[in-house]
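Each chain, letter by letter, is given below.
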Amino acid sequence: SSGINAEYGKSNETGPFAELWMGTHPRGHSIVSKTGQKLQDWIEEDKNTRMGSEISSKNTGELPFLLKILSVNKALSLQLHPNIEEAAKLHAAYPERYPDPNHKPEMAIALTVFEGLCGFRPVPEI
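These remarks concern the structure in this document.

What counts and what doesn't
- Counting restarts for each chain: residues are numbered from 1 in the order of the written sequence.
- The model is predicted, so local features are restricted to residues of pLDDT at least 70 and side-chain atom pairs to those at 80 or more, both for listing and for counting; the totals for chains, interfaces and linings are taken over all residues.
- Water and hydrogen atoms were dropped before computing side-chain values, which therefore reflect all heavy atoms in the structure.
- Only DSSP runs of H or I with at least four residues qualify as helices, and only runs of E with at least two residues qualify as strands; both kinds are numbered from the N terminus onward.
- Accessible area is worked out with a 1.4 Å probe on protein chains only. A residue is then buried under 20% of its type maximum, exposed over 50%, and partly exposed in between.
- Contact criterion: two residues are considered in contact whenever any of their non-hydrogen atoms come within 4.5 Å of each other.
- Nonpolar cores were defined as sets of buried Ala, Val, Leu, Ile, Met, Phe, Trp, Tyr and Cys residues, with membership established by side-chain atoms within 4.5 Å.
- Salt bridges are identified by distance alone: a Lys or Arg side-chain nitrogen within 4 Å of an Asp or Glu carboxyl oxygen.
- Two N or O atoms count as a polar contact when they lie within 3.5 Å, although within protein this holds only if one can serve as hydrogen donor and the other as acceptor, and sequence-adjacent residues are included solely when both atoms are side-chain atoms.

### Comments concerning the overall build of the chain
Next up, step 1: Of regular secondary structure, the chain possesses 5 helices and 2 strands.
Next up, step 2: Shown N-terminal to C-terminal, the secondary structure of the chain runs as helices and strands in the order α-β-α-α-α-β-α.
Next up, step 3: Scored against the burial criterion, the 126 residues of the chain give a buried share of 18%.
Next up, step 4: Taking the contacts inside the chain whose residues are at least 6 apart along the sequence as the reference set, 37% of them involve residues at least 24 apart.

As structure tokens, this is what we get:
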């Protein structure tokens, strides 16, 4: 996971980074390097061009995804995400714990050799 530190010139006193997030998430907006603006503000200036009219007509200007770059040298923690309906309910009931009403579909594209596991073993096999 030291690859993110080296590639992006980041330092972390507690150790290497395993994830780099880019998007419009309420707890960590990305910054557009050329303008210094939050990514969401930059998108809002011209949503139809920067997101496409089909996508911008369906949402509030937030990206419908969060790009995460992972540097996996050892197993990462398990992550569970609600579907879109459950995410909206959780956000409405507990906005301080669920600041984002969106679901979080995920896709992995390996740039190097990578082994991923998905799902759980049946209880009788444990």
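The structure having been displayed, the exposition proceeds.
### Digging into the nonpolar core
Next up, step 1: Membership of the largest hydrophobic core is limited to 5 residues, which are Val 32, Leu 39, Ile 43, Met 51 and Leu 63.
Next up, step 2: The contact partners of Leu 63, leaving out residues within four places of it in the chain, are Gly 23, Thr 24, Leu 39, Ile 43 and Met 51.

### Some words on the pattern of salt bridges
Oppositely charged side chains can form a pair if their charged atoms are brought close together.
Next up, step 1: In this structure the tally under the stated criterion is 2 salt bridges.
Next up, step 2: Between Glu 45 and Arg 50 there is a salt bridge, and its shortest N-O distance comes to 3.4 Å.
Next up, step 3: Here Arg 121 and Glu 125 are joined by a salt bridge, their closest N and O atoms 3.8 Å apart.

### Quick notes on the side chain of Ser 30
Next up, step 1: Secondary-structure assignment places Ser 30 in the loop between strand E1 (19-22) and helix H2 (39-45).
Next up, step 2: At a separation of 2.8 Å, a polar atom in the side chain of Ser 30 contacts the main-chain amide nitrogen of Gly 23.
Next up, step 3: With near-sequence residues (within four places) excluded, Ser 30 lies in contact with Trp 21, Met 22, Gly 23, Gln 37, Lys 38 and Leu 39.

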